[in-house]
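Residues per chain, in single letters:
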Amino acid sequence: MSEWKEIKSDVVSWGKVGDFIEGTLINVRERDVRDDEKGTIRKKIYEIRADAGSYHNTDDKKNPVEPPVTCEKGTDYLIWGGKEAIDGAMKKVKMGQKVQITFADELEPKRKGYSGFKIIKVKSNGLMDEEWLGGQEIDPKEVV
C-alpha cells in the first residue's frame, strides 16, 4: 500500500524584495482570521494561476529562506489580502484578467520586534486570459 502524503495549498509568502507572481486571477474568496489586535476579521484570498514568478518562504524569525520557490506555469497560488494596497488594487482586476503582484520594497518596522512594512504592488496589462475564460461560466458583465 502506498504512503499518504499531506497536500498543502501553494501560498505565496513575500519573504524578500523582488518576489513576484504573474498570472491569471481565477478566484477570490474570504476567510475569517484571528488578529491579535482586532479580533476576528475577514480577509480576502486571491487565487492566481501562474505564468511566471518566484518567492521566498520565511523561517520562524521571518528571514527569507534560499533558494526561492519558482512558480510553476499553470499551478494555482494563493495570495492573502488584508492590506489596502492589495485589496484596493485587486478590486479593479476582473476574473480571468492577467495580473502581476510584486514585493517592491520594505519599510522599517514601526515597533521593535515586528517585521517591516511590505510594499506590495499590483499591476495589470489589461489582457484577459482567453483560454481560461473559454472554460468558465462567467457572467459576461464581469469580463467587460
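Quantities reported herein were computed from a predicted structural model and do not represent experimental measurements. (Residues numbered from 1 in each chain as written. Predicted model: local features only at pLDDT ≥ 70, side-chain atom pairs only at ≥ 80, totals over all residues. Heavy atoms only, no water.)

Peer 1: Explain the packing of aromatic side chains to me, please; I cannot follow it from the model alone.
Peer 2: Here the distance between the centres and the angle between the planes together describe a pair of aromatic rings. Throughout the structure, instances matching the rule amount to one aromatic pair. Aromatic side chains tyrosine 55 and tyrosine 77 sit 6.3 Å apart centroid to centroid with 80° between the ring planes, which places their arrangement in the edge-to-face category. One end of the pair, tyrosine 55, is in strand β2 (residues 39–55); the other, tyrosine 77, is in strand β4 (residues 76–80), with 22 residues separating them in the sequence. The burial state of tyrosine 55 is the same as that of tyrosine 77; both residues are buried. Note that lysine 83 overlies the ring of phenylalanine 117, its terminal NZ or CZ placed 4.6 Å from the centroid. (Phe/Tyr/Trp six-rings, centres within 6.5 Å; stacked < 30°, edge-to-face > 60°. Helix = DSSP H or I, 4+ residues; strand = E, 2+ residues; numbered from the N terminus. Buried < 20%, exposed > 50% of the residue type's maximum accessible area, 1.4 Å probe, protein only. Lys NZ or Arg CZ within 6 Å of the ring centre and 35° of its normal.)

Peer 1: Please clarify how the layout of surface pockets should be interpreted in this entry.
Peer 2: Empty space among the atoms can be located by rolling a probe the size of a water molecule over them. Each pocket or cavity is described by its volume, and for the largest pocket that value is around 1,600 Å³. Taken together, 35 residues line the largest pocket, and the ones lying closest to its centre are Lys43, Lys62, Lys83, Ser115 and Gly116. Contributing elements (two or more residues each) for the lining of the largest pocket: β1 (20–35), β2, β4, α1 (84–90) and β6 (117–123). Examining the composition of the lining of the largest pocket, we find that four residues originate from one element, β2, more than from any other. Looking at side-chain class alone, the lining of the largest pocket contains 12 nonpolar, seven polar and 16 charged residues. (1 Å grid on protein atoms, 1.4 Å probe; cavity = no way out; pocket = protein on both sides within 12 Å on 5 of 7 lines; lining within 4 Å. Points joined across faces, edges and corners; volume = space filled by probe spheres on them. Nonpolar A, V, L, I, M, F, W, Y, C, P; charged D, E, K, R; others polar.)

Peer 1: Explanation requested: the side chain of serine 13 in the structure shown.
Peer 2: Mapped onto the elements of the fold, serine 13 is located in the segment before β1. Within the local environment of serine 13, its side chain forms a polar contact with the side chain of asparagine 57, the two groups lying 3.2 Å apart. Aside from chain neighbours lying at most four places away, what touches serine 13 is Asp19, Tyr55, His56, Asn57 and Thr58. (Polar contact = N/O pair within 3.5 Å; in protein donor to acceptor, adjacent residues only side chain to side chain. Contact = heavy atoms within 4.5 Å.)

Peer 1: So what exactly am I meant to see when it comes to the pairing of β2 here?
Peer 2: Where a strand is regular, its side chains alternate between the two sheet faces. Pairing of β1 with β2, which is carried by 15 bridges, proceeds in the antiparallel orientation. Across the sheet, valine 33 pairs through a bridge with isoleucine 41, a residue of β2. Taking the residues between adjacent antiparallel strands as the criterion, β1 and β2 are bridged by three residues. As paired elements, β2 and β4 share five bridges and run antiparallel to each other. Bridge pairing links tyrosine 46 to isoleucine 79 in β4. Note: β2 against strand β3 (residues 69–70), two bridges, orientation antiparallel. By the bridge assignment for β3, serine 54 is matched with threonine 70. (Pairing = 2+ DSSP bridges.)

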